[in-house]
Amino acid sequence: MRLLAIAFAAAFVLAGCASTTPAPSSSDALDLAIDGRGANDGPDWVERILGDHDGDFEAHRDWTKHTGLSTPNFIELAHDPLAIAAFEGASAGGYFCGGQASTDDGRAITVISSFDTSVAFVVVDTTDPLHPIHLGDYILDNAQTYDVDITPDGKHVAIAANVGPMQPAPGASALEANADLPLPTLVTIQPKFRDACTGEVRLAGPDQTYAAGPSTILVSLADPTLPTFEDLVPNPIIGPHSVSTAIVDGTTYVAASITNLAHPASYYIFYELADLPSGTKLQPIGFVDSAIFGATAVTNGHVDAEISKHPVTGQLIAYLSDWDGGLVIVDLTIPQLPQLLSAWSDPGLDGGQVHSTRSVDGLHNGRHYLIVGQEFIAHPSNRPSGWVYILDDTDPRNVFEVGRWTLPIDVEADWMGIELYSTHYFRLLGDTLFVAMYHGGIWAVKLDFETPENMKLPPSVGAFVPDRNAPTGRAATGTYDFAPFVLDIFPYPDGTLVIYDGLSGVYVVKYDPSRDMAPPAPWPAEGRQL
């Protein structure tokens with residue numbers, strides 16, 4: 001195993017001045033209902049979304065076979081395909097993982113990675129939800145970006161990048177693309193900015209050279225129309241698979257989760273953002289090896305970390321999604337010496353593959369809750385998809401399950417070795433949990449924190465299924481070429497949801513809880529023989 005060295009150019013390309021798909025001319029609720037409300041309003045709404053294309057993978061790639069499937073509690077306000085000149089006026093595609101921010105001046109900003117292209121992240125301003133503005137694309141040549149996140153104040157973007165001297169082919173990894181090249185190689189950062197409105201190209205900072213491989217990279221977004229490179233920290237061997245950011249008591253944190261496939265070789269690094277005379281830098285403050293805490297495991301398919309302040313104990317906590325090692329909660333009060341608080345895992349069938357967490361804001365009747373989800377690349381053995389667990393961690397040393405959710409009906413058995421109907425990232429807005437389900441779109445799940453016994457099997461109350469055509473000229477490439485294919489969602493307090501589809505771009509959607517669907521019977525918690 002070796003450290004990859006890389007040579008890549010970083011640039012930011014302004015890709016458009018505003019949405020290319022006309023939005024409704026009025027924000028009046030009736031106009032929105034007529035223009036964009038989902039039409040899947042029948043008693044068979046679940047069956048229509050998860051319809052039978054069993055074994056027909058070409059049908060899964062055909063967007064025309066997945067239109068009109070969103071339910072009426074989702075109102076599409078606007079759509080932008082995120083077309084850029086680099087792809088001859090079409091979208092880069094591969095829009096999978098990202099983050100959201102609300103800036104001090106009231107702007108709603110989201111960033112999203114492009115998994116199998118040189119676009120490290122896209123920046124979209126949805127302050128006016130009827131007219132999203134595609135601000136631009138930050139380019140990392142010869143890199144594969146697994147994940148990005150924006151700090152909650154919108155000032156910085158962290159990038160989880162697997163990079164090397166050669167650009168990976170679509171569907172291949174940076175590790176594979178550079179396996180036979182001589183090492184070491186210098187890394188040259190060449191920030192550039194292209195204004196698509198004027199066509200002007202200019203430098204966005206001086207060239208900087210590093211000897212490094214797979215890395216966590218920090219970019220300033222102080223001016224979201226002109227991001228500038230700030231720092232790079234190597235994370236060998238394969239590189240970071242996910243990054244997250246948090247602001248706690250005025251300190252900005254970044255967590256990088258490095259998946260090296262073998263469980264004992266995977267690890268987490270925690271950083272503070274330090275303002276130095278040379279600029280803002282990633283300052284390492286803590287480290288956890290995947291094998292130190294949690295259940296014994298052999299492999300890791302994904303690891304993730306969330307930093308949060310516990311609302312009961314006041315501790316700085318890291319929630320670690322440790323794949324087959326389960327959920328691990330560590331105390332970062334002294335980040336140089338992380339202390340285990342507790343570990344939790346599902347002892348049932350297919351109970352591993354813990355992928356991500358979401359700490360619920362505040363307390364509910366004095367209790368604190370944590371949402372934990374799985375990810376699968378094949379159909380689980382006794383249920384349609386992964387579980388999303390609702391846990392009580394009021395005492396972070398004594399975590400227990402309150403409830404769990406998965407899709408309410410079964411889906412086709414053959415997933416062709418990809419996450420076809422898997423659970424992925426999820427976000428909470430009030431009492432509604434929105435779960436990204438890859439080819440299944442976004443599902444709304446109703447939670448009841450005030451009456452936790454009602455959350456044993458929370459109901460499914462609707463779904464949004466992106467159904468726009470991918471822009472002409474950009475064919476689906478790589479392994480992840482299904483339509484739709486949704487991995488993340490970004491809700492704002494006003495009920496606006498920003499949703500990225502893998503190929504067709506960004507959707508701005510309004511969630512209307514007054515039109516929630518009649519829920520189907522939930523899948524039983526003990527699973528079912530399939």
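Residues numbered from 1 in each chain as written. Predicted model: local features only at pLDDT ≥ 70, side-chain atom pairs only at ≥ 80, totals over all residues. Heavy atoms only, no water.

## Notes on the overall build of the chain
- Assigned secondary structure in the chain consists of four helices and 35 strands.
- Sorting the 530 residues of the chain into buried and exposed places 62% on the buried side.
- Excluding contacts between residues fewer than 6 apart, the proportion of contacts in the chain whose partners are at least 24 apart in sequence is 61%.
- Within the structure as shown, the chain displays about 18,900 Å² of accessible surface, and the carbon and sulfur contribution to it stands at 54%. (Helix = DSSP H or I, 4+ residues; strand = E, 2+ residues; numbered from the N terminus. Buried < 20%, exposed > 50% of the residue type's maximum accessible area, 1.4 Å probe, protein only. Contact = heavy atoms within 4.5 Å. Areas by Shrake-Rupley, 256 points an atom, 1.4 Å probe, with all protein chains shown as cover.)

## Some words on the sheet that holds strand E22 (residues 316-321)
- Read from one edge to the other, the open sheet built from four strands follows the order E21-E22-E23-E24, with strand pairing classed as antiparallel. Two strands close off the open sheet at either side, each with one partner strand: strand E21 (304-309) and strand E24 (339-344). Neighbour to neighbour, the strand axes of the sheet diverge by 20° on average, direction disregarded.
- The pairing of strand E23 (residues 327-331) with E24 spans five bridges and is classified as antiparallel. Across the sheet, leucine 327 pairs through a bridge with tryptophan 344, a residue of E24. (Pairing = 2+ DSSP bridges. Axes fitted to C-alpha atoms, helices over the stretch in contact; angles between N-to-C directions.)

## With respect to the side chain of histidine 310
- Along the chain, histidine 310 falls in the loop between E21 and E22.
- Residue class for histidine 310 comes out buried when judged on its relative accessible area of 1%.
- At 3.1 Å, the side chain of histidine 310 forms a polar contact with the backbone nitrogen of valine 312.
- Histidine 310 has contacts with Gln315, Ile317, Tyr319, His368, Asp393, Thr394 and Pro396, leaving out every residue within four places of it along the chain. (Polar contact = N/O pair within 3.5 Å; in protein donor to acceptor, adjacent residues only side chain to side chain.)

## Some points on the sheet that holds strand E2 (residues 74-80)
- Spatially, four strands are ordered E2-E35-E34-E33 in an open sheet, and the strand pairing comes out antiparallel. Strands at the two margins of the open sheet, each flanked by one partner only, are E2 and strand E33 (489-491). Each strand of the sheet is rotated relative to its neighbour by a mean of 20°, with strand direction disregarded.
- Inspection of the sheet shows E2 paired to strand E35 (residues 505-511) by six bridges, in the antiparallel sense. Its bridge partner lying in E35, histidine 79 is registered against tyrosine 507.

## Comments concerning the packing of aromatic side chains
- The final tally for this structure, using the stated rule, is 20 aromatic pairs.
- A ring pair is formed by tryptophan 344 and tyrosine 389, whose centres lie 5.0 Å apart and whose planes are at 70°; its orientation type is edge-to-face. Of the two residues, tryptophan 344 is situated in strand E24 and tyrosine 389 in strand E27 (residues 388-392); the sequence distance between them amounts to 45 residues. With respect to burial, tryptophan 344 and tyrosine 389 carry one shared label: buried.
- Their ring planes at 85° and their centres at 5.0 Å tell us that phenylalanine 434 and tyrosine 511 sit as a pair that is edge-to-face. Taken together, the positions of phenylalanine 434 in strand E30 (residues 432-436) and tyrosine 511 in strand E35 put the pair 77 residues apart, joining distant regions of the chain. (Phe/Tyr/Trp six-rings, centres within 6.5 Å; stacked < 30°, edge-to-face > 60°.)

## Regarding unusual backbone geometry
- Between proline 236 and isoleucine 237 the backbone carries a cis peptide bond, its omega angle lying at 15°.
- Considering the arrangement of structural elements, one finds isoleucine 237 in the loop between strand E16 (228-234) and strand E17 (240-248).
- The omega torsion of the bond from alanine 483 to proline 484 falls at 0°, within 30 degrees of zero and hence cis.
- You can see proline 484 is positioned in the loop between strand E32 (460-464) and E33.
- Look at tyrosine 438: it is not a glycine, yet its phi comes out positive at around 55°.
- Relative to the assigned elements, tyrosine 438 resides in the loop between E30 and strand E31 (442-446).

## Regarding the environment of lysine 155
- Mapped onto the elements of the fold, lysine 155 is located in the loop between strand E9 (143-150) and strand E10 (156-163).
- Counting along the chain gives 64 residues from lysine 155 to valine 219, while the straight-line C-alpha distance between them is 8.7 Å.

## A closer look at the pattern of salt bridges
- Applying the stated criterion to the full structure yields 13 salt bridges.
- Arginine 404 is paired through a salt bridge with aspartate 346; the nearest N and O atoms lie 3.4 Å apart. Note that arginine 404 is positioned in strand E28 (residues 400-405) and aspartate 346 in the loop between E24 and strand E25 (354-359), a separation of 58 residues in sequence. As far as the burial class goes, arginine 404 and aspartate 346 line up, both buried.
- Among the charged side chains, a salt-bridge network with shared partners connects Glu58, Arg61 and Asp481. (Salt bridge = Lys/Arg side-chain N within 4 Å of Asp/Glu carboxyl O.)

## Section: the confidence of the model for the chain
- Per-residue confidence for the chain gives a mean pLDDT of 86; residues scoring 70 or more make up 82%.
- Counted against residues more than four places away or in other chains, residues 20-34, with its pLDDT under 50, gives 23 contacts. (pLDDT = per-residue confidence, 0-100.)

## Some remarks on the environment of serine 257
- Tracing the sequence through the fold places serine 257 in strand E18 (residues 251-258).
- Given a relative accessible area of 1%, serine 257 falls into the buried group.
- The sequence separation of serine 257 and valine 303 amounts to 46 residues, and the corresponding C-alpha distance is 5.7 Å.

## With respect to the side chain of threonine 280
- With respect to the helices, strands and loops of the structure, threonine 280 is situated in strand E20 (residues 279-289).
- You can call threonine 280 buried: its relative accessible area is 12%.
- Excluding anything up to four places from it in sequence, threonine 280 contacts His156, Leu218, Glu230, Asp231, Leu273, Ala274 and Asp275.

## Considering the environment of valine 46
- One can find valine 46 in helix H2 (residues 45-49).
- Residue classification places valine 46 among the buried positions, given a relative accessible area of 3%.
- Sequence spacing of valine 46 and serine 460 is 414 residues, and the spatial spacing of their C-alpha atoms is 9.1 Å.
- Sequence-distant contacts of valine 46, defined by excluding residues within four places in its chain, comprise Pro408, Ile409, Trp443 and Pro520.

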